[in-house]
Amino acid sequence: MSTAAHAAPSRGGPLVRFRRGRAEDAPWVRPAFLGLLAVTTALYLWNLSASGYANSFYSAAVQAGGESWKAFFFGSLDAANAITVDKPPAALWPMALSVRLFGLGSWQILVPEVLMGVATVAVLYAAVRRRFGAGAGLIAGAVLALTPVAALMFRFNNPDALLALLMTVAVYCVLRALEQEKGAAKWLVWAGVAFGFAFLAKTLQAFLILPPLALVYGVCAPGAIGRRIGRLALAGLAMIVAAGWWVALVELWPAASRPYVGGSQNNSFLELTFGYNGLGRINGNETGSVGGGGRGGGQSGGWGETGIGRMFNDSIGGQISWLLPAALILLVAGLVVTWRAPRTDTARSAFLVWGGSLLITLAVFSFMAGIFHEYYTVALAPYLAALVGMGAAVLWEERTRWLASAALAVTVAATAVWGWTLLGRAPDWLPWLRWTVLVAGSVAALGLLFAGRIDRRLGLAVAGLGLAAGLAGPFAYTLETLGSGHQGSIVTAGPAGGAMGGRGPGGGGMRMFEGGAFPGGQGGQMPGGQGQGQGQGGQMPGGQGGQGGQMPGGQGQAQGGQGGQMPGGTPPQGMPQGMPQGMPQGMSRGEGGGGGGMGGLLNGASVGTEAKAALLADADDYTWVAATVGAQNAASYQLATEKPVMAIGGFNGSDPSPTLAQFKQYVAEGKIHYFVGGSESGTGESATGTGEDGGRMGGGGPGGGPGGGNSEISTWVSETFEKVTIGGATFYDLTQEK
């Protein structure tokens, strides 16, 4: 098998080297690479502002970090530093710096994410082309850029974009260390630094691919075994330093002078790391979560069916799996071709590194019983794309051998059939494309059987047809994703109806599973509910029992839906049938309250002008202009006013912060102006205004989250202070006692 040379760059000035690339490159190589980056940038920037503040939970923290360096360091939800997000803050830092430099806005928050996506494509290209050539690098980069979930998350402000970039950088550094003994320690140290900062983006998920990378280096790297182990130890030290400096400062900082660690139950980042964000994601025991875990063994649980087929199911398949069968086939083929190579062969090492990263992440995602969302699968995209590019290049070089050409044909045929299957899950969306993919893929597969026996140009044309057939489906899904905005905590790529549950308001929406259960519910219950049927049990988090199924912060009784319908009608488009009976009043596609509700838990909303004016009145006299249960509700008001709003209970409303005693002290000291409840009766004008698509979901009066302390705060507020209605929203003026 031939290899790509590792020659020095061409001579000349920086501009010449940038434009021309390596001296030995064909004239088309550098323009093609720059064109790939330019097209990726243009696609990802197109219609970017349609997502607004995207996930307002993180956008509020970005706004806070743009105002306060203390909030920047800790990742606080508000500039007054009441509570942090439920992740470490590294993913917030680029966005917060952008906001600090250019002001608060959608582009200022999301452009850094786009740049991370373009950088990931560039690093992936560089990693693949070093050993397999420019063609393989271009294929890998294009596959990554056109993966639907990548196009979604590299335009969204969750931590996953930075995580994907840093994982790709880490793999690149390890591959450089595998090339030669000289300079290997330097590259491994940089890999350790990348892992450390990836931990500061999304904690333990950063370490999923550590075992295969360390094992491959330990076995396949040049040099004596002692030296290899020593370099790995040095890389581990670099990783600990890169991640540990921030962890140590947070743990050693006096708790009274820093924000509460969101997502934890004991104000400890270590507890958050190893509990809610760690082992809890694997075994489903997530204290403070609103959802339960899957039961494994192919059974359906609170976060969907687990098992080996999870990445291919109705919910996740269209996000990531278009080329997953191809990647797995090409991984096996690449290892077969390179199996007899020397121990230090870098081609085989590359297949082992990328393949090991894909398989271990795939296994964890398939069987984890805790919180799992479709967009997590963006972590798979660089590994999958690399294997497709490398495997295609290796088999093309070996195409004169019958088995190699047959493997190419099988890969293209399997990809076409699977694309046909995925497109069939949204039968009313571009129905012609489904059959076009199948026919083009079948023709290309037949031609590739004879790729080693036909003219090279004709063979390239056939291979190009196969590549186009494989990318047509994900490209169409990606264009659909780019053409619409996505807001909220749970977002999916592709057309509505292309995934189970589709997209709710703004591309987010609420997930439900078999039997119409919400995450953590059973057979049509709300999370934590035990009763069944109309108006019995079935509380939303923070409900207080009795009749009706309350949303977080809701007090109104349920109005019985029939046959799994939303109250007063059928489910919104893209929402599966089987909605629980006894949903709260106002939970519909029409107008509804924003102060409480599962909509408030998962999505932010626009703030009415009257509410905004009330909060801004004398705002500088208070530390927090308002407090409300749940981070998304707080974020909506904070982003509208650019003033601190306290998120009682953090994201889920379940964190024990602040306590009732602390809240009373804040009120006594005049630090909080308003407590924001829900809309009047859940049917009037929304507390936060109706969303752009009218898709907010209602709540009632002041509510507590799942934590008992938050319910106590709500009760104390409603019993002690005057209620005022502002634009249909329920506020409690904490300066006016009854």
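Residues numbered from 1 in each chain as written. Predicted model: local features only at pLDDT ≥ 70, side-chain atom pairs only at ≥ 80, totals over all residues. Heavy atoms only, no water.

S.K.: I'd like a description of the overall build of the protein, backed by residues and values.
M.R.: Of the regular secondary structure elements, the protein holds 25 helices and 9 strands. Taken over 738 residues, the protein has a buried fraction of 62%. Restricting to contacts in the protein with at least 6 residues of sequence separation, those with at least 24 account for 68%. Of the roughly 26400 Å² of accessible surface on the protein, a fraction of 61% belongs to carbon and sulfur atoms. (Helix = DSSP H or I, 4+ residues; strand = E, 2+ residues; numbered from the N terminus. Buried < 20%, exposed > 50% of the residue type's maximum accessible area, 1.4 Å probe, protein only. Contact = heavy atoms within 4.5 Å. Areas by Shrake-Rupley, 256 points an atom, 1.4 Å probe, with all protein chains shown as cover.)

S.K.: Could you give me a rundown of helix α10 (residues 184-202), with the residues and numbers involved?
M.R.: In this model α10 runs 27 Å from its N-terminal to its C-terminal C-alpha over 19 residues, within 8% of the 27 Å that 1.5 Å per residue would give. One or two steps after α10, the chain reaches Thr 203, where phi turns positive at roughly 45°. (Expected span 1.5 Å × (residues − 1).)

S.K.: How would you sum up helix α20 (residues 456-482)? Please name residues and give values.
M.R.: Over its 27 residues, α20 runs 36 Å from end to end, which matches the ideal 39 Å to within 8%, given 1.5 Å per residue. Where α20 bends most, the angle comes to about 40°, and this point is Ala 472, followed within four residues by the proline Pro 474. The N-cap residue of α20 is Asp 455: its side-chain oxygen and the backbone nitrogen of Arg 457 are 3.0 Å apart. (Bend = angle between axes of the 7 residues up to and from the residue. Polar contact = N/O pair within 3.5 Å; in protein donor to acceptor, adjacent residues only side chain to side chain.)

S.K.: Tell me about the pattern of salt bridges, and name the residues and values.
M.R.: Under the criterion given, the structure shown has 11 salt bridges. Its salt-bridge partner being Arg 425, residue Asp 314 comes within 3.2 Å of it at the nearest N-O pair. You can see Asp 314 sitting in the loop between β2 (304-305) and α14 (317-320) and its partner Arg 425 sitting in the loop between α18 (402-423) and α19 (431-448), a full 111 residues away along the chain. For Asp 314, a relative accessible area of 44% puts it in the partly exposed group. Arg 425 sits in the partly exposed class, given a relative accessible area of 23%. Connected via shared salt-bridge partners are Arg 130, Arg 176 and Glu 179. (Salt bridge = Lys/Arg side-chain N within 4 Å of Asp/Glu carboxyl O.)

S.K.: Explain unusual backbone geometry to me, using residue names and the numbers behind them.
M.R.: Looking along the chain, the bond that leaves Ser 657 and enters Pro 658 is cis, with omega of -5°. Its location among the elements puts Pro 658 in the loop between β6 (645-648) and α24 (660-668). Backbone geometry places Asn 47, a non-glycine residue, at a positive phi of 60°. Of note, Asn 47 is situated in the loop between α2 (29-45) and α3 (56-67). Even without a glycine there, the phi angle at Glu 642 is positive, about 60°. Mapping Glu 642 onto the fold places it in the loop between α23 (631-641) and β6.

S.K.: Outline the packing of aromatic side chains, supporting the account with residue identities and numerical values.
M.R.: Per the stated rule, a full pass over the model turns up 32 aromatic pairs. Ring plane angle 90° and centroid distance 5.3 Å describe the contact between Trp 429 and Tyr 477, whose orientation is recorded as edge-to-face. One end of the pair, Trp 429, is in the loop between α18 and α19; the other, Tyr 477, is in helix α20, and 48 residues separate them in sequence. As far as burial versus exposure is concerned, Trp 429 and Tyr 477 are alike and both buried. These aromatic residues form a ring-pair network of at least three members: Trp 69, Phe 72, Phe 73, Phe 74, Trp 93, Phe 199, Phe 207, Trp 245, Trp 246, Trp 253 and Phe 269. When the ring centre of Trp 69 is taken as reference, the NZ or CZ atom of Arg 100 above it lies at 3.8 Å. Above the plane of the ring of Phe 132 lies Arg 131, whose end atom (NZ or CZ) is 6.0 Å from the centre. (Phe/Tyr/Trp six-rings, centres within 6.5 Å; stacked < 30°, edge-to-face > 60°. Lys NZ or Arg CZ within 6 Å of the ring centre and 35° of its normal.)

S.K.: I'd like a rundown of the nonpolar core, residues and numbers included.
M.R.: One broad rule of soluble globular proteins: the nonpolar side chains tend to lie buried together. Membership of the largest hydrophobic core comes to 172 residues, with the highest contact counts inside it found for Tyr 44, Phe 132, Leu 178, Trp 354, Phe 365, Leu 384 and Phe 731. The greatest single-element share of this core, amounting to 15 residues, is contributed by helix α9 (residues 160-179). Discounting chain neighbours no more than four positions away, the residues touching Leu 178 are Val 216, Tyr 217, Cys 220, Ala 221, Pro 222, Thr 346, Ser 349 and Val 353. In this structure, Val 629, Phe 721, Tyr 732 and Leu 734 belong to the second largest nonpolar core, which totals 17 residues. (Core = buried A, V, L, I, M, F, W, Y, C linked by side-chain atoms within 4.5 Å.)

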